[in-house]
Amino acid sequence: MTYLLALDQGTSSSRSIVFDENGRIVAQAQQELPQIYPRPGWVEHDPLVIWRTQLATARDALAQAGLQAHDVRALGITNQRETTVLWNRRTGQPVHHAIVWQDRRAEPLCAELREQGHEPLIQARTGLRIDAYFSATKLRWLLDHVPGARAAAEAGELAFGTVDSWLIWQLTGGQVHVTDVTNAARTMFFNVHTNDWDDDLLALLRIPRALLPRVQPSASDFGATEAGLLGGAIRIGGVAGDQQSALFGQACFTAGMAKNTYGTGCFMLMHTGSGFQTSRNGLLTTSAAQTSARQPEYAMEGSVFVGGAVVQWLRDGLRAITRSDEVQSLAESVPDSGGVMMVPAFTGLGAPYWQPDARGTITGLTRGTTIAHIARAALESIAYQSAALLQAMSRDAVEAGGAPVSELRVDGGACVNDLLMQFQADLLGIPVVRPAVVETTALGAAYLAGLTSGVYQGTADLARLWRTERRFTPTLSPAHAQQLMARWEHSVRQAALE
């Protein structure tokens, strides 16, 4: 049997999973990643803790599987995207905490760029809207606010990277400074047409090119791990940002196929093939995982900032539950939400609304409302936000001459919640399909590494490995689903600050 190791560095934890050549999990290990909140709206991670926890889980997963480094054909990396790390090339030490994708400190700079009229250029080159979500303005903030950072960057002494680059740097002992196209595409200064950093945008954002990693296809040779780290050198053969990795792990290789990942946020991607398409419905265009330097591939993407995080809020904020897995039974203790509607705009609203100033609301409360109704409304908010994304995607697909999305493949921690998945199918009016292996983010990284190392000959091999665990079919009438979505859109308007 051939084995592949996937490092899955996420927002709330670092995980490592060993897969066999059939895409089945052999062993896995996970460590929680501490969150740092210096000020309201600021979110940081310690890059050294990211590295230590990721390395520890890789060692643990190999030990659990009873494998040595020489038993592993290749290693793949998938990671939280947009999170920005800046470090010293000589010492390997970060110059500041990593600024996490959820962080909003750079919104004033984004507002300035929008007011100056730069959004059309940035969207045309990168496929992205101007938003503090992306790496560019986070990096600019570091250069402007960390003492000595700009001078050191211009002297070539510092390195920038998203989390994949930081991990590769550490794994290779500082020998390789590289990223893949999917992570580069989330920076807001990468030209997705040329697959290279965009000099015009770098100049606009005042970012020295000397900071930047080399960009490679997602399935390619990213170097080898230092032998002392995992008991022997392992080739790094695949890298992709978590959502593009999940799209790949879900075997969505052709235009029109879509997946939704239910994690801290929700992230929906629809493969659009080799043609770049600008959304007219509030979505982003991004690079899909690429197996060749010759053929760019694209996807439409919509991001919900607060998905599964609303369950964490029920647990830690409201103290309505003591464990996250209690939410389904609490929500199922009532037949519906009793008219309660929750818009969890704790950090603004992402696609397709793009309302950074929106704030969370709970409406429809009566004297008969219980915590169970609020729990059910919280769960349903995840499905409502995702339904708004898919409707926008389907409109884009039809406007481009294609067909609306016909089924949605799902993954991520919250997709195991049957109540949520059934409600999602009801709102969408199409089947929602949960795969046998829901760890598709890590699986995508393993598959990319397997392609580079010759375990698989092409994506057709991977498509044959994809298996369904459960298919949720709609039970609501289209008219009823439309009424519910209309109520949701009304609640969204109420959440927007004037």
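The shown structure was predicted, so the numbers you read here are calculated from the model rather than taken from an experiment. (Residues numbered from 1 in each chain as written. Predicted model: local features only at pLDDT ≥ 70, side-chain atom pairs only at ≥ 80, totals over all residues. Heavy atoms only, no water.)

A. Representation of the overall build of the protein in the model. Per the secondary structure count, the protein includes 17 helices and 22 strands. A compact globule built from 498 residues should have a C-alpha radius of gyration of about 23 Å, and the protein, at 22 Å, falls within 12% of that. In terms of its C-alpha atoms, the protein occupies a principal-axis envelope of roughly 65 × 55 × 50 Å. With an accessible surface of roughly 18,100 Å², the protein has 49% of that area assigned to carbon and sulfur atoms. (Helix = DSSP H or I, 4+ residues; strand = E, 2+ residues; numbered from the N terminus. Rg over C-alpha atoms; globule rule 2.2 N^0.38 Å. Areas by Shrake-Rupley, 256 points an atom, 1.4 Å probe, with all protein chains shown as cover.)

B. The arrangement of the nonpolar core in detail. Counting residues in hydrophobic clusters, the biggest one holds 110 residues, and the most contacted among them are Phe189, Ile207, Leu211 and Tyr262. Of all the elements, helix α13 (residues 371-399) adds the most residues to this core, at 16 residues. Each residue touching Phe189, except ones within four places of it in the same chain, is listed here: Thr126, Ala136, Leu139, Phe160, Trp197, Asp198, Leu201, Leu202, Leu205, Ile207 and Leu212. If you look at the next biggest cluster of nonpolar residues, it comprises 36 residues, including Val49, Leu67, Trp166 and Val178. (Core = buried A, V, L, I, M, F, W, Y, C linked by side-chain atoms within 4.5 Å. Buried < 20%, exposed > 50% of the residue type's maximum accessible area, 1.4 Å probe, protein only. Contact = heavy atoms within 4.5 Å.)

C. Representation of the sheet that holds strand β15 (residues 266-273). Here we have seven strands laid out as an open sheet, ordered β16-β17-β15-β14-β20-β21-β22, and mixed in their pairing. Only two strands of the sheet have a single partner each, and these edge strands are β16 (284-287) and β22 (468-472). Direction aside, neighbouring strands of the sheet carry axes that sit 30° apart on average. Looking at chain direction, β15 and strand β17 (residues 298-304) are connected through seven bridges and run antiparallel. The residue of β17 that forms the bridge with Leu269 is Glu301. (Pairing = 2+ DSSP bridges. Axes fitted to C-alpha atoms, helices over the stretch in contact; angles between N-to-C directions.)

D. Looking closely at the packing of helix α14 (residues 418-428) against helix α17 (residues 478-495). Across the interface, α14 lies against α17 with an axial gap of 8 Å and an inter-helix angle of 100°. Here α14 is positioned roughly perpendicular relative to α17, judged by the angle of their axes. Between α14 and α17, the residues in contact are Phe423, Asp426 and Leu427 and Ala481, Leu484 and Met485, respectively. Class assignment for the residues of the contact of α14 with α17 results in five nonpolar, no polar and one charged. (Parallel < 35°, antiparallel > 145°, perpendicular 65-115°, else oblique. Nonpolar A, V, L, I, M, F, W, Y, C, P; charged D, E, K, R; others polar.)

E. Representation of the sheet that holds strand β2 (residues 13-20). If you walk across this open sheet you meet the five strands as β3-β2-β1-β5-β13, and the pairing is mixed. The outermost strands of the open sheet, each flanked by one partner alone, are β3 (25-32) and β13 (236-241). The mean inter-strand angle of the sheet, taken between neighbouring strand axes irrespective of direction, is 15°. In this structure, strand β5 (residues 72-79) lies alongside β13, joined through five bridges in parallel fashion. Within β13, the residue paired with Asn79 across the bridge is Gly241. Most of the contacts of helix α10 (residues 242-249) go to β13, to which it runs at about 110°, and overall it touches β5 and β13.

F. Summary view of the UniProt feature "domain: Carbohydrate kinase FGGY N-terminal" (unreviewed entry) in the protein. Under the local residue numbering, the UniProt record ascribes the feature "domain: Carbohydrate kinase FGGY N-terminal" (unreviewed entry) to residues 3-249. Spanning residues 3-249, this segment combines 34% helix with 24% strand, and its end C-alpha atoms are found 16 Å apart. (UniProt positions renumbered as here; feature names shortened; annotations may be inferred.)

G. A look at the layout of surface pockets. Counted as a void, the second largest pocket has a volume near 250 Å³. Lining the second largest pocket are 17 residues; nearest its centre among them are Gln391, Leu427, Leu428, Gly429 and Ile430. For the lining of the second largest pocket, the elements supplying multiple residues, two or more each, are α13, α14 and α17. For the lining of the second largest pocket, the element with the highest residue contribution is α17, accounting for four residues. Classifying every residue of the lining of the second largest pocket by side-chain character gives eleven nonpolar, five polar and one charged. (1 Å grid on protein atoms, 1.4 Å probe; cavity = no way out; pocket = protein on both sides within 12 Å on 5 of 7 lines; lining within 4 Å. Points joined across faces, edges and corners; volume = space filled by probe spheres on them.)

H. Structural detail: empty space enclosed by the protein. Here the structure, examined in full by the defined rule, presents two cavities of 30 Å³ or more. Each pocket or cavity is described by its volume, and for the largest cavity that value is around 70 Å³. Surrounding the largest cavity, Asn22, Gly23, Gly249, Pro435, Ala436, Val437, Thr440, Leu443, Tyr447, Leu465, Trp466 and Arg467 form its lining. For the lining of the largest cavity, the element with the most residues is helix α15 (residues 440-452), which contributes three residues. Its residues assigned to classes, the lining of the largest cavity shows seven nonpolar, four polar and one charged. Each pocket or cavity is described by its volume, and for the second largest cavity that value is around 30 Å³. Classifying every residue of the lining of the second largest cavity gives four nonpolar, three polar and no charged.

I. α10, seen in detail. Most of α10 sits out of view: eight of its eight residues are buried. Taken together, the buried positions of α10 are Asp242, Gln243, Gln244, Ser245, Ala246, Leu247, Phe248 and Gly249. Backbone geometry just downstream of α10 places Ala251 in the positive-phi region, at approximately 60°.

J. Structural view of the side chain of Thr187. Looking at the element boundaries, Thr187 is found in the loop between α7 (181-184) and β10 (190-191). Here the side chain of Thr187 touches Ala184 through a polar contact of 2.8 Å, landing on its backbone oxygen. Within the structure, the side chain of Thr187 is placed 3.2 Å from the backbone nitrogen of Phe189, a separation counted as a polar contact. Apart from the residues lying within four places of it in its own chain, the contact partners of Thr187 are Phe134, Ser135, Ala136, Phe160 and Trp197. (Polar contact = N/O pair within 3.5 Å; in protein donor to acceptor, adjacent residues only side chain to side chain.)

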